[in-house]
Amino acid sequence: MYNVIKVFILITNSHKYITALLFLFTAIHVSNAQSGFSHELGFITGPVAFQSDYGERYNWDTNSGNVGFGIGLVHYINFAFRADCNCYSADTYWNYHFKLRSQISYHVTTLNHLGDEADKLSLGGLQLRSMEGKARVFEAGAQLEWHPLSIRDFQEGKPKIAPYIGLGAHYVNYRPEASSSLGPLGNPVTTFPTFIDRIDTSQGSAIAISGDIGFRYKVGPLSDILISSRWHYYTDSNYVDGLSPNNTNNRANDWIWWFNVGYIFYL
């Protein structure tokens, strides 16, 4: 319960969060007044692998160790079924193979320096092992989904599985943390050389490009189980994790891989 209260305070204390939420729910309200399609609501949750400036590139310990957790709410516009007449839409490729998805999500990952460099019995290794970060990220956005099989056939239960791929964009608001058991960061005693003057834990915003591949499994006439694999790349900021090291290996911005399991119900 305490963690839920903290998330609520974090969201309500930021005008950027409120703006994103108002934009999303206004869009849903406006779409409810329109005809020619129907709506779906659901939630998603699952582990988040955060690929950041903590640890080493292509290192298994880093990839498997810096894993957090995320939750989200999703809304779909379903063009295959009309809510105004409780009937199917016109038989067009767009109506039967595309959905528009909007989403708000929040994920948190504790980050550590893992790998060979951090394992060294040296001052640099000690500095890396003693450092810990946390990425707190709120996202709101939309994506277009393409379903290779007929959405209408899936709603009728034939077949039971409906694969899809999606592409979209998200507004991102982040609030990272960074600390060391050796003392305050930012000086040569506590901080690994490549992170001197390259730590910024202030709250910021960015745009993320998202890719998604997954499938639905129909469990009832008005409900589906969703399983998906998502990729978010933060395009215009490399400080989502609070770090941007000054070295040649810093070739890409932060990004995440998020494995989702969710439940969707039809309105």
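Residues numbered from 1 in each chain as written. Predicted model: local features only at pLDDT ≥ 70, side-chain atom pairs only at ≥ 80, totals over all residues. Heavy atoms only, no water.

Asker: Would you take a moment to explain helix H6 (residues 123-130) for this structure?
Answerer: An α-helix turns once every 3.6 residues. As a result, residues three or four positions apart point the same way. Of all the positions in H6, only Gly124, Gly125, Gln127, Leu128 and Ser130 are classed as buried. Here the buried face of H6 lies against helix H5 (116-119), strand S6 (131-146) and strand S8 (177-180). (Buried < 20%, exposed > 50% of the residue type's maximum accessible area, 1.4 Å probe, protein only. Helix = DSSP H or I, 4+ residues; strand = E, 2+ residues; numbered from the N terminus. Contact = heavy atoms within 4.5 Å.)

Asker: Can you help me understand the pairing of strand S11 (residues 255-266) in this one?
Answerer: If a strand is regular, its side chains alternate between the two faces of the sheet. Every second residue of S11 is oriented toward a common face, the buried set being Ile256, Trp258, Asn260, Gly262, Ile264 and Tyr266 and the non-buried set Trp255, Trp257, Phe259, Val261, Tyr263 and Phe265. In this sheet, S11 lies alongside strand S10 (residues 223-234) in antiparallel orientation, the contact comprising eleven bridges. Within S11, the residue paired with Tyr233 across the bridge is Trp255. (Pairing = 2+ DSSP bridges.)

Asker: How should I be thinking about the packing of aromatic side chains in this particular structure?
Answerer: The tally for this structure, following the rule as stated, stands at eight aromatic pairs. Measuring from ring centre to ring centre gives 5.3 Å for Phe79 and Trp94, while their planes differ by 50°; the resulting arrangement is tilted. Within this pair, whereas Phe79 is found in the loop between strand S2 (67-78) and strand S3 (81-82), its partner Trp94 is found in helix H4 (residues 93-97), the two being separated by 15 residues in sequence. Using a relative accessible area of 13% as the deciding quantity, one classes Phe79 as buried. By relative accessible area, which is 40% here, Trp94 ends up partly exposed. An aromatic cluster is defined as three or more aromatic residues linked by ring pairs; in this entry it consists of Phe79, Tyr93, Trp94 and Phe98. Over the aromatic face of Tyr76 sits the side chain of Arg216, whose NZ or CZ is 4.4 Å from the ring centroid. A cation sits over an aromatic face here: Lys218 above Phe154, 4.8 Å from the ring centre. (Phe/Tyr/Trp six-rings, centres within 6.5 Å; stacked < 30°, edge-to-face > 60°. Lys NZ or Arg CZ within 6 Å of the ring centre and 35° of its normal.)

Asker: Mind showing me how you'd approach the confidence of the model for the protein chain here?
Answerer: The predicted model of the protein chain averages 86 in pLDDT, with 85% of residues at 70 or higher. This stretch, residues 1-19, has a pLDDT under 50; its non-local contacts, to residues over four places away or in other chains, come to 16 contacts. Below a pLDDT of 50 lies the segment residues 29-34, which in the model reaches five contacts outside its immediate sequence neighbourhood of four places, other chains included. (pLDDT = per-residue confidence, 0-100.)

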